[in-house]
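Chains, contacts and geometry: an overview
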Amino acid sequence: MLLQRLTERVADQEHSYTKPATIKWAVFLDGDLADLQDLRVPKGEPALRLDVPTSTRTVAIAPCLLADNAQYVFGVPKADTKTGEVKEKDAARAAKCRTAFADLARQWAAANPGDPTAEAVLRFLATTMNIPADMAAGDLVAISVDGQWAHQHPSALQFWADKVSDSKGAGSTGLCLVCGHERPLLATVPVSIAMGAIPAKQAKSTQLVSVNTAAQGRAGVTAGLAATPLCERCGTAATTSLGELLADPKHRRRADTAVTVWWTREPVKRNHFGNLDDPQPEDVANLIGKIFKPGTGTTECSADVNKFYSATLGANSSRVVVRDWIDVPLPVIEDCLGRWFRDHRYLDPWSPHTTQDHPDPDTDPRYQAYPIWRLTLACARWVKTDKKYHPKTIPEGLDEALLHSALHGTPPPAWMLPRLLARIRADRRIDGPRTALLRLALTRHHTQEHGMPGLDPTANDPAYMCGRLFATLAAVQRRAAKDTGRTVNTTITDKYFGTAMSSPATVLANLRAGAENHLRIIRRRNQPTANALEARMRNIYQHLNDVPLLLTVPEQGRFVLGYEHQRAADITAALAHKAAKEKAAETAEPQPVEAGALFDVSDLIETAQADAEAA
């Protein structure tokens, strides 16, 4: 199916067995004169890239026509990477490569007698040039005759296409697995995937289809592609199509060990896939609005609906490994992406304040959707001294797993939640991306609810309520310290958060008792604030019959959500109250003391804003 879809994508294109590559040296021929020029440029500057002949090349000597590396064009041997010495066997191989390159060029010239370009190339092959000492065996060399690149000559392109087709053919005719027609079949796929296009530990070009052992073939068949019959047209088209997708940043997403390519049967205006790493608010809102709702028929698909294709690829030695394949109607993938953003969005308290009392998550710009790379990085270790996450501590495979979850609408890996909670407990770092990851894990693994992107005052879950209570107790401590002008070196969050999120009953009772002293301090300076804080704690306790002794892993996640949601709500209210006071000062309108008195807590704003800027 993958080969068929790749072939359909370039069905109308002509294939000449070429690929874009960087030219480092060029031989310019003008009459009897031959000038070798160095075209190498410093890193970061634009280099000369041309479509050059290409074909699958293993250990055998196999020259390309009129444009190849210096080992073939000039016989430059490979040198030892450490010592720089050239072994005798490498020098002998380089001489054979040079001879094979010249023989192929002469075959082309013989097929085109009297061609001025061919005659100029023959004169060049009969001469000897001084080769610069810094020319490497792998440097690509091209030949130009009177201002035209010889390998792009129409006769050269046709000769090369016929040569590759003949050399890669199996010498038999049969039913092609892809197009279903009786055509000459391939022994091997003539075009390989460029080195580095698919992340791999070993830097090699890779084959999309390759069979040479019994384990890879069917019924023990190992003779080339006998078990996977492909005609020359389909084999070339599929590999060429995949190469184009891998080279296009708009249709490719790279990870450490894999790369994902995507395309649609018909062109689309919106790059929905690109939102996974760069979510745009308008696109996210559009996708969430398309989420399937039972009875509405919003994802009903007809036979002629546009199709979405996606393949996640890895590499094993010189072979492509297909890790994931998606072939679904476009509305299905839009539904999955909409659910992905809905299930992890987080209410950012630092976004512009809205006048709505209960903002709609589908339209409120404060609800942040995060790119996958930010979510992946949030599961790494937080380095407090550097104020950033350590990318080398990201759990292996998490990026690919989150991408799979987004495209298939499945839960993230079960190990993600305990790993994330362990990081939070160790780092005592909670921010938007980590909260979004918690929401994603809890929503898709443990509940059927899709709420709680922000504070849910109606939630009666004991773990969630305990988190809210702990956030309130921390706010009481900070407010009391501010009113007395003291600096708290170690807050209750620093000392007890890890214990509270796993065993709240062991610490919350004592912290509640200690909060009474703080409330008395606050009450002497700001009676309305003290009353509001005390009323909130009393309300939480009314809905919290018994403080749990131990919390399960999912319950620990809900504790952290309750803590962060309460803290974010306080910041939001503080910012709103501050804005209202500034507006009142400008208009000279009196403001009641009770209106938002609880949220005139500048230390909350300062602390959280510093954390947000560090992230």
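Structural notes, computed from the coordinates. Keep in mind that what you see is a predicted model, and the values were worked out from it rather than measured. (Residues numbered from 1 in each chain as written. Predicted model: local features only at pLDDT ≥ 70, side-chain atom pairs only at ≥ 80, totals over all residues. Heavy atoms only, no water.)

1. Thoughts on the overall build of the protein
- Within the protein one finds 18 helices and 17 strands.
- The buried share among the 615 residues of the protein stands at 47%.
- Taking contacts inside the protein between residues at least 6 apart in sequence as the whole, the part at least 24 apart equals 70%.
- Total accessible area computed for the protein in this model is approximately 30300 Å², and 51% of it derives from carbon and sulfur atoms. (Helix = DSSP H or I, 4+ residues; strand = E, 2+ residues; numbered from the N terminus. Buried < 20%, exposed > 50% of the residue type's maximum accessible area, 1.4 Å probe, protein only. Contact = heavy atoms within 4.5 Å. Areas by Shrake-Rupley, 256 points an atom, 1.4 Å probe, with all protein chains shown as cover.)

2. Some remarks on empty space enclosed by the protein
- Following the criterion strictly, the structure yields three cavities of 30 Å³ or more and no others.
- Approximately 50 Å³ is the volume found for the second largest cavity.
- Forming the boundary of the second largest cavity are Trp 262, Thr 264, Val 268, Arg 270, His 272, Phe 273, Phe 308, Leu 330 and Ile 333.
- Put simply, the parts of the chain that give the lining of the second largest cavity at least two residues each are strand S11 (259-264) and helix H8 (330-344).
- A class-by-class count of the residues in the lining of the second largest cavity yields six nonpolar, two polar and one charged. (1 Å grid on protein atoms, 1.4 Å probe; cavity = no way out; pocket = protein on both sides within 12 Å on 5 of 7 lines; lining within 4 Å. Points joined across faces, edges and corners; volume = space filled by probe spheres on them. Nonpolar A, V, L, I, M, F, W, Y, C, P; charged D, E, K, R; others polar.)

3. Here's the deal with the packing of aromatic side chains
- Scanning the model with the defined rule gives 13 aromatic pairs in all.
- Summarising the aromatic geometry, the rings of Tyr 309 and Trp 325 are spaced 6.2 Å apart at their centres and angled 0° between planes, so their arrangement reads as stacked. On the criterion of sequence distance, the pair formed by Tyr 309 in strand S12 (residues 307-316) and Trp 325 in strand S13 (residues 319-329) is long-range, its members being 16 residues apart.
- Judged by its relative accessible area of 3%, Tyr 309 falls in the buried class.
- Within the aromatic cluster, the residues linked to one another by ring pairs are Phe 470, Phe 497, Phe 559 and Tyr 563.
- Note that Arg 374 overlies the ring of Trp 373, its terminal NZ or CZ placed 5.9 Å from the centroid. (Phe/Tyr/Trp six-rings, centres within 6.5 Å; stacked < 30°, edge-to-face > 60°. Lys NZ or Arg CZ within 6 Å of the ring centre and 35° of its normal.)

4. What to know about helix H16 (residues 527-543)
- Compared with the 24 Å implied by 1.5 Å per residue over 17 residues, the 25 Å span of H16 between its first and last C-alpha is a close match.
- Turning to H16, its buried residues are Thr 529, Ala 530, Leu 533, Arg 536, Met 537 and Ile 540. Seen from one end, H16 has its buried residues packed into an arc of 130°, which puts them on one side.
- Those residues of H16 that are buried are in contact with helix H13 (462-484), helix H15 (508-525) and helix H17 (553-587). (Expected span 1.5 Å × (residues − 1). Arc of directions from axis to C-beta.)

5. Regarding the sheet that holds S12
- With antiparallel pairing, four strands are arranged side by side in an open sheet as S10-S11-S12-S13. Every other strand in the sheet has two partners, leaving strand S10 (252-254) and S13 as the edge strands with one partner each. When the angles between neighbouring strand axes are averaged without regard to direction, this sheet yields 15°.
- Examined bridge by bridge, S10 and S11 share three bridges and lie antiparallel to one another. Each bridged residue has a counterpart across the sheet, and for Arg 252 the counterpart in S11 is Val 261.
- In the packing of helix H6 (residues 232-247) onto the sheet, contacts are made with S10, S11 and S12, and the angle to S11 comes to roughly 110°. (Pairing = 2+ DSSP bridges. Axes fitted to C-alpha atoms, helices over the stretch in contact; angles between N-to-C directions.)

6. Observations regarding the pattern of salt bridges
- As enumerated under the stated definition, the model contains 24 salt bridges in all.
- Close ionic contact of Arg 9 with Glu 244 constitutes a salt bridge, the shortest N to O distance being 3.1 Å. Note that Arg 9 is positioned in helix H1 (residues 2-9) and Glu 244 in helix H6, a separation of 235 residues in sequence.
- A salt bridge links Lys 307 to Asp 327; the nearest nitrogen and oxygen atoms lie 3.3 Å apart. Residue Lys 307 is found in strand S12, and its partner Asp 327 is found in strand S13; the two are separated by 20 residues along the sequence.
- By sharing partners, the salt bridges in this structure join Arg 5, Glu 8, Lys 307 and Asp 327 into a single network. (Salt bridge = Lys/Arg side-chain N within 4 Å of Asp/Glu carboxyl O.)

7. As for the nonpolar core
- Leu 276, Trp 340, Leu 402, Phe 470, Phe 497, Phe 559 and Val 560 are the most contacted members of the largest nonpolar core, which totals 72 residues.
- If sequence neighbours within four positions are ignored, Phe 559 has contacts with Ala 463, Tyr 464, Cys 466, Gly 467, Phe 470, Phe 497, Ala 500, Met 501 and Leu 551.
- Counting 38 residues, the second largest nonpolar core, distinct from the first, contains Val 27, Phe 101, Met 129 and Ile 143. (Core = buried A, V, L, I, M, F, W, Y, C linked by side-chain atoms within 4.5 Å.)

8. Comments concerning the environment of Ala 94
- Note that Ala 94 resides in helix H3 (residues 88-111).
- When the C-alpha atoms of Ala 94 and Tyr 72 are compared, they prove to be 6.8 Å apart, with 22 residues separating the residues in sequence.
- Each residue touching Ala 94, except ones within four places of it in the same chain, is listed here: Gln 71, Gly 75, Val 76 and Pro 77.

9. What about helix H7 (residues 281-289)?
- By the burial criterion, the buried members of H7 are Asp 283, Val 284, Leu 287 and Ile 288. With its buried residues spanning 135° around the axis, H7 presents them on a single face. For H7, the exposed residues lying more than 90 degrees away from the buried face are Pro 281, Glu 282 and Gly 289.

10. Focus on the packing of H8 against helix H12 (residues 432-445)
- One can describe the packing of H8 onto H12 by two numbers: an axis separation of 7 Å at closest approach and a directional angle of 115°. Facing H8, whose interface residues are Cys 336, Arg 339, Trp 340, Arg 342, Asp 343 and His 344, H12 presents Ala 436, Arg 439, Leu 440, Thr 443 and Arg 444.
- Within the contact of H8 with H12, the residues separate by chemical class into four nonpolar, two polar and five charged.

11. What about the environment of Gly 314?
- Locating Gly 314 in the fold gives a position in strand S12.
- Since its relative accessible area comes to 0%, Gly 314 is described here as buried.
- In the structure, Gly 314 is positioned 114 residues away from Ala 200 in sequence and 7.1 Å away in space, judged by C-alpha atoms.
- Those residues in contact with Gly 314 that sit more than four places away from it in its chain are Ile 198, Thr 257, Arg 319, Val 320, Val 321 and Arg 323.

12. What to know about the side chain of Thr 260
- In this structure, Thr 260 sits in strand S11.
- Taking relative accessible area as the criterion, Thr 260 reaches 2% and is therefore assigned buried.
- Only 2.9 Å separates the side chain of Thr 260 from the side chain of Thr 312, close enough to count as a polar contact.
- Thr 260 has contacts with His 251, Arg 252, Arg 253, Phe 273, Ser 310, Ala 311, Thr 312 and Leu 403, leaving out every residue within four places of it along the chain. (Polar contact = N/O pair within 3.5 Å; in protein donor to acceptor, adjacent residues only side chain to side chain.)

13. Notes on the packing of H1 against H6
- The interhelical angle for the contact between H1 and H6, taken along N-to-C directions, is 80°, at an axis separation of 8 Å. On the basis of the axis angle, H1 is roughly perpendicular to H6. Across from Leu 3, Leu 6, Thr 7 and Arg 9 in H1, the residues of H6 making contact are Cys 234, Ala 237, Ala 238, Ser 241, Leu 242, Glu 244 and Leu 245.
- Split by residue class, the contact of H1 with H6 holds seven nonpolar, two polar and two charged. (Parallel < 35°, antiparallel > 145°, perpendicular 65-115°, else oblique.)

14. Description of unusual backbone geometry
- A positive phi angle, close to 50°, is found at Asp 146, a residue other than glycine.
- Here Asp 146 lies in the loop between strand S6 (140-145) and strand S7 (148-149).
- A positive phi is found at Arg 428, a non-glycine position, where the angle reads about 55°.
- Relative to the helices and strands, Arg 428 is located in the loop between helix H11 (416-427) and H12.

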